[in-house]
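A closer look at the structure
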Amino acid sequence: EHKRVWWKEATFYQVYPASFKDSNGDGLGDIPGLISKVPYIASLGVDVVWLSPMYDSPQKDMGYDISDYETVYPPYGTVEDVEKLVKECHQHGLKLILDLVVNHTSDQHEWFKESRSSKDNPKRNWYFWRPARYDQDGNRMPPTNYRSYFAGGTWTWDDNTEEYYLHLYDPSQPDLNWENADCRRAIYDSAMRFWLDKGIDGFRVDTVNKYSKHVDFPDAPITDSNSFIQPAAQFWCNGPRIHEFVKEMNNDVLSKYTTFDGQAVVTVGELSLTPEPEGVLRYVSAKEKELDMVFQFDITHLGQDNGFQDKYDFAPWKLPEMKRIVEKWQTFIEETDGWTTVFNENHDNGRSVSRFASDVPEWREQSAKMLAIWLIAQTGTLFLYQGQEIGMINAPKDWGIEEYRDVEAQGHWEEAVRQDANGTDPGRTERILHGLQLMARDHSRLPFQWDSSANGGFTTGKPWMRAHDLYPKINAENQGKDVNSVLAFYKRLLYLRKEHKDVFVYGAFELVDPENENTFVFRKRYRDRTAVVAMNFTDSPQPAFGAMEMMLLVSSYSKVVLGTLQPFEGRIYVDY
Ligand code: TEU
């Protein structure tokens with residue numbers, strides 16, 4: 001039986017500050033706007049707010065490029081606004097966790113400005129600097145052949161000191177060198193203690209398995225230049241000292257703090273490219289004292305070609321693949337003292353209705369409710385992403401590429417255009433556009449749709465990102481008045497998750513009819529109680545799972561046809 005702690009049973013709600021609520025009409029979301037919506041968030045029945053980065057930043061990667069951990073990006077507000085947010089959340093019984101982004105800083109951070117100023121600056125090796133290599137014609141080459149997450153290479157030449165510096169992401173995001181103890185101590189003080197001392201309740205830890213690199217930086221066995229990052233990621237994911245570093249972070253800092261209601265602060269790590277359960281367990285096993293839980297991205301990688309090899313070259317997937325992934329992580333926690341998370345949306349992915357079901361007008365709402373059923377009875381800590389609760393969907397396919405503002409989308413698009421033009425990958429432009437229309441991170445960053453007023457009530461100004469054309473139809477205000485809305489359904493399911501916690505949160509998982517390509521059915525068992533969750537992932541009726549001897553607890557349809565799962569219908573039966 002799993003040890004029962006608050007963060008296993010809590011539901012987390014991720015807020016993307018740029019796109020949640022603008023209070024001053026400058027077209028960008030901000031902290032005062034978020035504060036004004038804390039009552040709305042509390043009304044959902046969630047327990048924790050996860051706020052994506054609001055720190056000072058040149059915003060090359062929407063705040064995941066931090067230039068000062070101890071100040072707030074001025075258009076978002078001030079440190080005092082965040083202190084007000086902490087208080088407002090706690091007064092509504094909500095905890096607040098912030099995003100800890102310490103694999104890299106912005107190149108505008110004082111630390112990097114010092115590091116790049118000269119080779120003998122005391123902070124020189126707080127980042128990774130390496131000399132150039134030269135090819136047989138004497139042309140200067142970067143130290144390795146790694147490919148960045150945002151396309152392009154991972155080394156940028158610095159004329160001043162005539163060396164390259166490492167950046168796994170954008171050239172404006174130089175990687176911090178965790179091998180340097182002074183650097184680690186500065187991170188713990190500036191990025192962590194500064195905010196923990198203000199009463200936050202924990203962190204979502206960005207890129208948590210990338211802090212220990214193979215510092216000899218060998219070349220990667222890359223055969224295809226478009227291979228996303230897999231062959232190189234082995235040199236920076238789960239590196240030789242990563243567990244030492246995460247243990248030190250937990251032991252020296254996090255373990256010294258409690259939440260506002262006196263519990264241990266919570267950590268959830270972003271663990272990419274670690275598909276093996278035993279690899280995950282090393283981070284989340286209770287006895288390891290590293291992290292409470294992690295995001296594992298198998299589900300959001302569905303469709304990302306060859307397991308994330310070429311992220312935006314869409315590869316069709318079938319439902320049994322999704323079922324096996326859910327089964328893998330549901331059973332992982334039964335056999336270990338680890339824990340996991342349950343999610344299908346975040347700020348780095350397309351909207352789940354568009355990616356995993358159907359966002360056409362006829363099936364959009366049913367799909368959103370069915371996917372809510374899919375999440376609600378799974379074991380693990382449930383994470384929802386802003387707008388998921390009202391069934392927001394991807395940007396329309398007729399939007400031009402200029403509407404895709406994300407550095408990752410731009411990088412992959414520009415590269416596709418180049419490779420198409422120079423013949424290295426004919427037709428790549430069309431394939432990558434299709435992939436971006438389905439999976440670009442931008443789709444989760446459209447302004448939250450509050451009501452049917454201009455720009456969905458997100459801003460009275462010109463929004464930094466175009467609002468979805470459907471905001472008059474899809475918005476929190478009109479759904480708040482409709483008992484059959486997606487919003488009402490999410491609130492009902494969140495209530496049921498708490499009421500049926502033993503079976504939904506802690507019950508043992510068993511897949512039913514694994515090879516069925518149309519329906520997804522699984523059992524959850526806790527002692528003498530059983531629930532059956534049945535979903536139709538198609539737009540045509542399917543034979544319902546034979547659960548007649550059980551009681552229908554909830555269906556996403558108001559009218560149920562016994563024996564038949566209607567298009568995109570989700571159902572939960574219980575025998576108690
Ligand atoms: O993402 C980590 C990362 O590697 C991303 O490429 C992510 O794995 C991928 O997009 C998932 O589909 C974190 C943040 O979540 C992301 O927003 C930042 O861009 C990135 O780190 C750099 O901080």
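Criteria and cut-off values
What you see as residue numbers is a count from 1 along each chain, following the sequence as written. Residues qualify for local features only when their pLDDT is at least 70, as the model is predicted, and side-chain atom pairs are given and counted only at 80 or more; totals for whole chains, interfaces and linings, by contrast, use all residues. To obtain the side-chain values, all non-hydrogen atoms of the structure were included, while hydrogens and water were left out. Helix and strand assignments follow DSSP, with helices taken as H or I runs no shorter than four residues and strands as E runs no shorter than two, numbered in order from the N terminus. Only protein chains enter the accessibility calculation, which uses a 1.4 Å probe; a residue is then buried when its area is under 20% of its type maximum, exposed when over 50%, and partly exposed in between. Contacts: residue pairs with any heavy atoms within 4.5 Å of one another. Calculation of accessible area relied on Shrake-Rupley with a 1.4 Å probe; when residues are assessed, cover is drawn exclusively from the protein chains displayed. When charges are counted, Lys and Arg contribute as positive and Asp and Glu as negative, whereas His and the chain ends are disregarded. For the purpose of locating charges, the reference atoms are NZ of Lys, CZ of Arg, CG of Asp and CD of Glu. Stacked, edge-to-face and tilted are the three classes for Phe, Tyr and Trp ring pairs, Trp counted by its six-membered ring, which pair at centre distances within 6.5 Å; planes under 30 degrees apart are stacked, over 60 edge-to-face, the rest tilted. Here, over-ring charges are defined by two tests on the NZ atom of lysine or the CZ atom of arginine: distance to the ring centre within 6 Å, and angle to the ring normal within 35 degrees. Any Lys or Arg side-chain nitrogen found within 4 Å of a carboxyl oxygen on Asp or Glu counts as a salt bridge. Proximity criterion: a residue is near a molecule or strand once any of its heavy atoms comes within 4 Å of it. Between N or O atoms, a polar contact is any pair within 3.5 Å; within protein, one atom must be a potential hydrogen donor and the other a potential acceptor, and residues adjacent in sequence are included only when both atoms are from side chains. Put simply, the grid is 1 Å and covers the protein atoms alone, a cavity is a trapped set of points that fit a 1.4 Å probe, a pocket is an open set with protein on both sides within 12 Å along at least five of seven lines, and lining residues have an atom within 4 Å of a point. Whether a molecule lies in a cavity or pocket depends on its atoms, and more than half of them have to be within 2 Å of the grid points. As a per-residue quantity, pLDDT reports the predictor's confidence and falls between 0 and 100.

A separate point is the overall build of the protein chain. In terms of regular secondary structure, the protein chain is built from 18 helices and 22 strands. Projected onto its principal axes, the C-alpha positions of the protein chain cover 75 × 55 × 50 Å. Within the protein chain, the proportion of its 576 residues that are buried is 64%. Put simply, 71% of the contacts in the protein chain that link residues at least 6 apart link residues at least 24 apart. Accessible area of the protein chain: about 20900 Å², with a carbon and sulfur share of 50%. A distance of 4 Å separates the average location of the 63 positive side-chain charges in the protein chain from that of its 88 negative side-chain charges.

The final tally for this structure, using the stated rule, is 43 aromatic pairs. Plain terms: the ring middles of Phe20 and Trp450 are 5.1 Å apart, the flat faces sit at 80° to each other, and that makes the pair edge-to-face. Placement of Phe20 in the loop between strand E1 (11-15) and helix H2 (31-36) and of Trp450 in the loop between helix H15 (428-439) and helix H16 (476-480) is noted, with a sequence separation of 430 residues between them. As far as the burial class goes, Phe20 and Trp450 line up, both buried. Relative to Phe343, the ring of Phe295 lies with its centre 5.2 Å away and its plane at 70°, an arrangement referred to as edge-to-face. A residue pair is termed long-range when its members are at least 10 positions apart, and Phe295 in strand E13 (residues 293-296) and Phe343 in the loop between strand E14 (341-342) and helix H12 (352-356) qualify at 48 residues. No difference in accessibility class separates Phe295 from Phe343, as the two residues are buried. An aromatic cluster of at least three residues, connected via ring pairs, comprises Trp6, Phe12, Trp50, Phe295, Phe297, Phe343 and Phe383. For the cation-ring pair, Lys8 lies above Trp339, with the distance from its terminal atom to the ring centre recorded as 4.8 Å. Just above the ring of Trp450 sits the side chain of Lys37; from NZ or CZ to the centre is 4.2 Å.

A few words now on the pattern of salt bridges. Counted by the stated rule, this structure contains 47 salt bridges. Of the charged contacts, one joins Asp158 and Arg116 as a salt bridge, the two residues approaching to 2.9 Å between their closest N and O atoms. In this pair, Asp158 is assigned in strand E9 (residues 155-158) and Arg116 in helix H5 (residues 110-117), connecting sequence segments 42 residues apart. Residue Asp158 is classed as buried on the basis of its relative accessible area of 4%. The shortest N-O distance in the salt bridge between Asp348 and Arg441 comes to 3.1 Å. Of this pair, Asp348 sits in the loop between E14 and H12 while Arg441 sits in the loop between H15 and H16, and the two are 93 residues apart along the sequence. Accessibility expressed as a relative area gives 13% for Asp348, which makes it buried. On the accessibility criterion, Arg441 (6% relative accessible area) is buried.

All right, on to the site of the ligand then. Taken together, the neighbourhood of the ligand is formed by 16 residues, with Asp61, Tyr169, Asp206, Glu270 and Asp348 sitting nearest. At 3.1 Å from an oxygen atom of the ligand is found a side-chain nitrogen or oxygen belonging to His104. In this structure, an oxygen atom belonging to the ligand sits 2.4 Å away from a side-chain N or O atom of Asp348. Notes on the ligand: free accessible area 500 Å², of which the protein chains cover 100%. A majority-of-atoms criterion places the ligand in the largest cavity.

Right, let's get into the confidence of the model for the protein chain. When the pLDDT values of the protein chain are averaged, the result is 95; 98% of them are 70 or greater. The element-level mean pLDDT for the protein chain is lowest in helix H10 (residues 305-308), coming to 68, with E1 highest at 99. This prediction of the complex comes with two scores: 0.97 for pTM and 0.96 for ipTM.

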